[in-house]
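Secondary and tertiary structure notes
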Amino acid sequence: MSIIGLSLEQLKNKIKDAGMQPFVAGQLWDWIYKKNKLTFEEMVNISKQNQLKLKEVIEISPFKAVELLPSGEGRAIKLIITLKDNKKIESVILKERDYYTLCVSSQCGCPVDCKFCLTGIVGFTRNLEVDEIIGQVLVANSLGYHIGNLVFMGMGEPMLNFDNVFEAIDFMTSLDTMGMSKRRVTVSTSGFIKNIQRLIDEKRYINLAFSVGHANPEKRVRLMPIEKKNPIMEVATKLHEYQSLHNRKLTLEYTLIDGMNEDDQAIRELARLAKYLDAKVNLINLNPHHKIPFKPVSTKVLHRARVFLEREKVPVTIRFRKGDDISAACGQLGESHLAPKTAS
Ligand code: SF4
C-alpha cells in the first residue's frame, strides 16, 4: 500500500518503525501535499541517506504507471493509469480559463450499465481504494496541472464506493493536506436512494449532480436499468429532501440522445423535474463511440432544448465536448480497457 491517505500520525509511526526521526514524516508530508512532489529525489531537504532508506520502505504512488494522452485541441488530457494489480482506470484533466478540473474515477469500470456510457459497457472490476482516488489528483498536480475543481464523473458510480470516496474527499479538503475547497467538489450519481439517504443521515452536504437519462420512468429504464430498483420518482423525492437541508445547487446532467430523449415532451418532463428540485440543467450531447448504440442530436436540437428550458425559467448550460478525439469526453472513459479486447 502507498502512504497516500495515511494520517500524519500514521506516517510518523511508519517512519519511526523504519528507524528514522519522526520529523522526516513532516518533510515528506509537506513535499507530497503542499509542494506536489511525488519522487524522493525532488525532496531536496531530505538527506540523501534518508531518501535511500525511504525508497526501500515506502511507496508514494499507488500506481504502477501513468500515461498521458493530450487531446488535439489541447483542452483535455487523459490520464491512463495502471493500478498496482495491473487494472486500468482513466481520469481526465480539463483546462478551464484559469484553473484545471479533474474528472476523477471512483471505480475500475462501473456496474450501473447506463446504455449511453462506454464505462458501463466495460463492466465492473472493483472499487478504488482511498489512495487510488487521492492519487489521481496528486498525479495531476505533480504534472503541473493544478487541480482547482474536482468532479466525480470519471469511471464508476461514486455512491457505490461511498466509504472510500468520502474518506478521500475528507482527506483532500482538509487544511492539513491539500486544502481543496469543498465547494469545488462535485459528486455525480445515477440515483441510489439508499445512498442519498446516507448523505442525509451523515449530514454530508455536497454539490451533487444527478444523471437523469430521461425524466419519464418508462423511457428512462431503457437507458438506465437502475430505474428498476431506484425509480426516478422516489429518487426525486429523496433529492428534494436532501436539497432542503443545505444551500448548494443540484445539477441535473442530461445526455441528449437522438430519438430517445430529445423530443418536446421529454424536455418538458425534464423542466418539470428541474423546477421541482430547484436544479440547474447541464445538457450534454451524447459523445458517440462505435461501442455505444446511439447517436448524438444535431446542434439545432441541442439549442432547441436549451431555449425550451430557458423559457421555462430553468437555469441551463451546455457542456461542450472536450477531448472526444481521445475518448476523454463524458461517458467515453474505458477505452484503454476495450483496446486489448478489440485487438484480440
Ligand atoms: S454514466 Fe456513470 S453510473 Fe452510468 S455506467 Fe457510466 S460511469 Fe456508471
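What counts and how
- Throughout this description, residue numbers start from 1 for each chain and increase along the sequence as written.
- Reporting of local features is limited, given that this is a predicted model, to residues whose pLDDT is at least 70; pairs of side-chain atoms are given and counted only at 80 or more, and all residues count toward the totals for whole chains, interfaces and linings.
- By convention in this description, side-chain values take in all heavy atoms of the structure and omit both hydrogens and water.
- Here the term buried applies to any residue with accessible area under 20% of the maximum for its type, exposed to any over 50%, and partly exposed to those in between, with areas from a 1.4 Å probe on protein chains only.
- Under the DSSP-based scheme used, a helix requires at least four consecutive residues in state H or I and a strand at least two consecutive residues in state E, with every element numbered from the N terminus.
- Whether two strands pair depends on DSSP finding at least two bridges between them.
- For the handedness criterion, the strands are oriented away from the viewer, and a crossover whose path from the first strand over the helix to the second runs clockwise is classed as right-handed.
- Throughout, nonpolar core names a set of buried Ala, Val, Leu, Ile, Met, Phe, Trp, Tyr and Cys residues whose side chains join them through atoms within 4.5 Å.
- The domain limits used here are those given by an automatic or database domain assignment.
- Any two residues having at least one pair of non-hydrogen atoms within 4.5 Å are treated as being in contact.
- To be near a molecule or strand, a residue needs just one of its heavy atoms within 4 Å of it.
- Gly is placed with the polar residues, together with every amino acid not listed as nonpolar (Ala, Val, Leu, Ile, Met, Phe, Trp, Tyr, Cys and Pro) or charged (Asp, Glu, Lys and Arg).
- Take the accessible area each of two parts loses on contact, using a 1.4 Å probe, and add the two losses: that sum is the buried area.
- For every residue, the predictor assigns a confidence score, pLDDT, that lies between 0 and 100.
- Take the residue count of a helix, subtract one, and multiply by 1.5 Å to get its expected span.
- Classification of ring pairs uses Phe, Tyr and Trp, with its six-membered ring standing for Trp, and accepts pairs whose centres are within 6.5 Å; under 30 degrees between planes counts as stacked, over 60 as edge-to-face, and the remaining range as tilted.
- Pairing of N or O atoms within 3.5 Å defines a polar contact, subject to two protein rules: one partner must be a possible hydrogen donor and the other a possible acceptor, and residues neighboring in sequence count only if both atoms are side-chain atoms.

A separate point is the pairing of strand E10 (residues 251-256). Taken across its 6 residues, E10 has 6 buried, putting it largely inside the fold. Neither face of E10 is open: one carries Thr251, Glu253 and Thr255, the other Leu252, Tyr254 and Leu256, and all of them are buried. Here strand E9 (residues 207-211) runs beside E10; their pairing, made up of 3 bridges, is parallel. Its bridge partner lying in E10, phenylalanine 210 is registered against leucine 252. Here E10 pairs with strand E11 (residues 280-285) via 6 bridges, running parallel. Residue pairing for E11: threonine 255 is matched across the bridge by isoleucine 284. Taking the sense of rotation as the criterion, the β-α-β connection linking E10, helix H10 (residues 264-277) and E11 turns out right-handed.

Counting 115 residues, the largest nonpolar core has Leu28, Ile32, Leu150, Leu252, Val281 and Leu283 as the members making the most contacts within it. When residues of this core are sorted by domain, at least three fall in each of domain 1 (8-57) and domain 2 (72-343). If we ignore the near neighbours within four places in the chain, the residues touching leucine 283 are Tyr254, Leu256, Leu270, Leu302, Ala305, Arg306, Leu309, Val316, Thr317, Ile318 and Arg319.

All right, on to the site of the ligand then. For the ligand, the full set of nearby residues is Cys110, Val112, Asp113, Cys114, Cys117, Gly120, Gly156 and Ser190. Residue composition of the shell around the ligand, grouped by class: 4 nonpolar, 3 polar and 1 charged.

As far as domains go, the protein chain holds domain 1 (8-57) and domain 2 (72-343). Distance from the C-alpha centre of domain 1 to the C-alpha centre of domain 2: 36 Å. With 6 residues of domain 1 at the interface, the matching set in domain 2 holds 10 residues. A combined buried area of about 710 Å² lies between domain 1 and domain 2, and 61% of that area is made up of carbon and sulfur atoms.

Residues with a pLDDT of 70 or more make up 94% of the protein chain, whose mean pLDDT is 92. Confidence over residues 338-344 falls short of pLDDT 50; this stretch has 4 contacts with residues more than four positions distant or in other chains.

Given 3.6 residues per helical turn, the α-helix brings residues three or four places apart onto the same face. Taking 1.5 Å of rise per residue, 12 residues should cover 16 Å, and helix H2 (residues 23-34) covers 16 Å from first to last C-alpha, within 8% of that figure. Within H2, the full set of buried residues consists of Val24, Ala25, Gln27, Leu28, Trp29, Trp31, Ile32 and Tyr33. Where H2 is buried, its residues meet helix H1 (8-17), helix H3 (48-57), helix H5 (130-142) and helix H6 (162-172). Following H2 by one or two positions, asparagine 36 has its phi on the positive side, about 55°.

Okay, the packing of aromatic side chains next. Taken as a whole and assessed by the stated rule, the structure comprises 6 aromatic pairs. Both rings, one in tyrosine 33 and one in phenylalanine 171, keep their centres 5.2 Å apart while their planes meet at 65°; by these two values the pair is edge-to-face. Separated by 138 residues along the polypeptide, tyrosine 33 in helix H2 and phenylalanine 171 in helix H6 bring together distant segments of the chain. For the pair shown, tyrosine 33 and phenylalanine 171 are each scored as buried. When the ring of tyrosine 205 is compared with that of tyrosine 242, the centres are 6.1 Å apart and the planes differ by 45°; the resulting orientation is tilted. One end of the pair, tyrosine 205, is in the loop between helix H7 (193-201) and E9; the other, tyrosine 242, is in helix H9 (residues 232-243), with 37 residues separating them in the sequence. What makes tyrosine 205 partly exposed here is its relative accessible area of 26%. Through pairs of rings, three or more aromatic residues link up here, namely Trp29, Tyr33 and Phe171.

As for its placement among the helices and strands, arginine 126 is situated in strand E6 (residues 124-127). Sequence separation between arginine 126 and alanine 271 is 145 residues; the distance between their C-alpha atoms is 36 Å. Not counting chain neighbours up to four residues away, the residues in contact with arginine 126 comprise Leu83, Asp85, Lys87, Gln107, Cys108 and Glu132. Reaching out from arginine 126, the side chain makes a polar contact with the side chain of aspartate 85 at a distance of 2.8 Å. Here glutamate 132 takes part through its side chain, which lies 2.9 Å from a polar atom of the side chain of arginine 126.

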